[in-house]
Amino acid sequence: MPVSPLYFDYAATTPIDDQVLESMLACMSRHTHFGNPASRGHAYGQAARELVEQARGQVAGQLGAVPESIVWTSGATESNNLALKGICHGMDKPGHLVTSQLEHKAVLDTAAYLERQGWTVTRLAPDDRGLIQPEAVRAALRPDTRLVSLMAVNNELGTVTDFARIGHYVRAHGALLHVDAAQAVGKVVLDVERQAVDLMSVSAHKVYGPKGIGALYVGERARPLLHAQMHGGGHEGGMRSGTLATHQIVGMGSAFALAGLLAEDEQRRIQALSQRLRNGLLGLPGVGLNGCAEQRIAHTLNLCIQAKGFNVEALASELAISSTSACNSASNAASHVLLALGMGEQQARSSVRISLGRYSSETDVDKAIEVFRRVIMAGASALW
Ligand SMILES: *Cc1c(COP(=O)(O)O)cnc(C)c1O
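Below is a short write-up of the structure. (Residues numbered from 1 in each chain as written. Predicted model: local features only at pLDDT ≥ 70, side-chain atom pairs only at ≥ 80, totals over all residues. Heavy atoms only, no water.)

**Brief notes about empty space enclosed by the protein**
Where empty space is left in the structure can be found by rolling a water-sized probe over the atoms. Enumeration according to the criterion identifies five cavities of 30 Å³ or more in this entry. Of the volumes computed, that of the largest cavity is approximately 130 Å³. Taken together, 17 residues form the lining of the largest cavity, with Lys-187, Lys-206, Tyr-208, Glu-266 and His-299 sitting closest to its centre. Class assignment of the residues belonging to the lining of the largest cavity gives a composition of seven nonpolar, six polar and four charged. Counting contributing residues per domain, the lining of the largest cavity is built from domain 1 (6–13 + 263–370) and domain 2 (18–258), each supplying no fewer than three. Empty space within the second largest cavity amounts to approximately 70 Å³. What lines the second largest cavity is simply Ser-100, Leu-102, Glu-103, Gly-130, Leu-131, Ile-132, Met-151, Asn-154, Thr-159, Val-160 and Thr-161. Residues of the lining of the second largest cavity, tallied by class, amount to five nonpolar, five polar and one charged. (1 Å grid on protein atoms, 1.4 Å probe; cavity = no way out; pocket = protein on both sides within 12 Å on 5 of 7 lines; lining within 4 Å. Points joined across faces, edges and corners; volume = space filled by probe spheres on them. Nonpolar A, V, L, I, M, F, W, Y, C, P; charged D, E, K, R; others polar. Domains from an automatic or database assignment.)

Listed below in structure tokens is the structure:
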């Protein structure tokens, strides 16, 4: 069997941290906390409920939020759906929604759905560095703008949006701000109060937690307006019914707490690795960085490789990287994010996302640079 390719796709998903796994196992066997957290009448339910509430505090802590503002969901896709549909369906008539061309499909497709229901949608284009500028958001606000939805960190580019400044503009205007922060936890400072964020989507599996669990922060201004999308037993303050997945929730809580604890060290380490990777790859012929070079997280790099005969697939047996975001790859279309940056179809298709994480090492980075060098040079010499 061929050796497994080196993992450089942390932006698509992360493996579960061992510490997180341990916390989850403690709620999975019949000898431990298997009770239904909604069973208030007996000790089994109460024990599970305590764990769920502890996790709620851990997630809230990483967002600068109070625990009561956290609603459990199945992931950031559901959180984005709940935020957009929940707020828009809570209005007495359709209004105006502002988002951008760079958003995750979970926001773009939901916005398109709302558009079919009568909402007017503005999809902002990025500036020439691939950033959504706060001034552009401010200029797009109209008297009937109810909601602005933008991501904190772009999942394909790694660029960071100045959502705090946007938050203050949106708040002054009287609209609500939703931020998809799935790529931001543990990487950029999140503080919903100070940053004037009304709704924030997060996911566990991007932060070394399990797949299939996420949360939506619902601030005080958004809460009375949010319309449930999942009806049932009235769990989560009526905002999202369904028996809570104790083990998933506990895993997400410990993953978020761990992300907070490790943030500083991890930041420093990834910064150094990323610099090494960037220097190595940008030194190769025909390789350029997509998206703003400064206003970004270090973890994710998106590179355009314009070398003769180069094809992305040639890297795949040795490096686990993404040619488009994993979330788009069901369709196999060229990245809508790169096209929005003004790149041609061909350039977009010869771009790759390479992302670093907790278990990336200097040796891995050096090997990756070597693989890129070999594939690029092989493509070039094949044509001579
Ligand atoms: C991964 C991701 C999502 C989807 O999250 P899931 O938990 O996998 O549904 C949404 N938005 C962004 C920015 C992401 O990176």
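**Let's talk about the environment of Leu-131**
Looking at where Leu-131 falls in the secondary structure, it is placed in the loop between β4 (120–124) and α5 (134–140). The exposure class assigned to Leu-131 is buried, which follows from its relative accessible area of 4%. Sequence spacing of Leu-131 and Cys-292 is 161 residues, and the spatial spacing of their C-alpha atoms is 7.2 Å. Ignoring sequence-local partners within four residues, the contact set of Leu-131 consists of Pro-126, Thr-159, Val-160, Cys-292 and Gln-295. (Helix = DSSP H or I, 4+ residues; strand = E, 2+ residues; numbered from the N terminus. Buried < 20%, exposed > 50% of the residue type's maximum accessible area, 1.4 Å probe, protein only. Contact = heavy atoms within 4.5 Å.)

**Focus on the site of the ligand**
By nearness alone, every residue bordering the ligand is listed as Gly-75, Ala-76, Thr-77, His-104, Met-151, Asn-155, Asp-180, Ala-182, Gln-183, Ser-203, His-205 and Lys-206. The separation between an oxygen atom of the ligand and a polar side-chain atom of Gln-183 is 2.7 Å. In this structure, Ser-203 approaches the ligand through a side-chain N or O atom, which is 2.6 Å from an oxygen atom. Burial of the ligand by the surrounding chains reaches 89%, relative to a free accessible area of 380 Å². Along the lines of polarity and charge, the residues of the shell around the ligand split into three nonpolar, seven polar and two charged. (Near = heavy atom within 4 Å. Polar contact = N/O pair within 3.5 Å; in protein donor to acceptor, adjacent residues only side chain to side chain. Areas by Shrake-Rupley, 256 points an atom, 1.4 Å probe, with all protein chains shown as cover.)

**Quick notes on the sheet that holds strand β9 (residues 287–289)**
Taking strand neighbours across the sheet as the criterion, the three strands line up as β9-β10-β12 in an open arrangement whose pairing is antiparallel. This sheet does not close on itself; its edge strands, each paired only once, are β9 and β12 (351–355). Neighbour-to-neighbour, the strand axes of this sheet turn through a mean angle of 35°, independent of strand direction. Here three bridges tie β9 to strand β10 (residues 300–305), and the two strands are oriented antiparallel to one another. Bridged to Gly-288 within β10 is Cys-304. (Pairing = 2+ DSSP bridges. Axes fitted to C-alpha atoms, helices over the stretch in contact; angles between N-to-C directions.)

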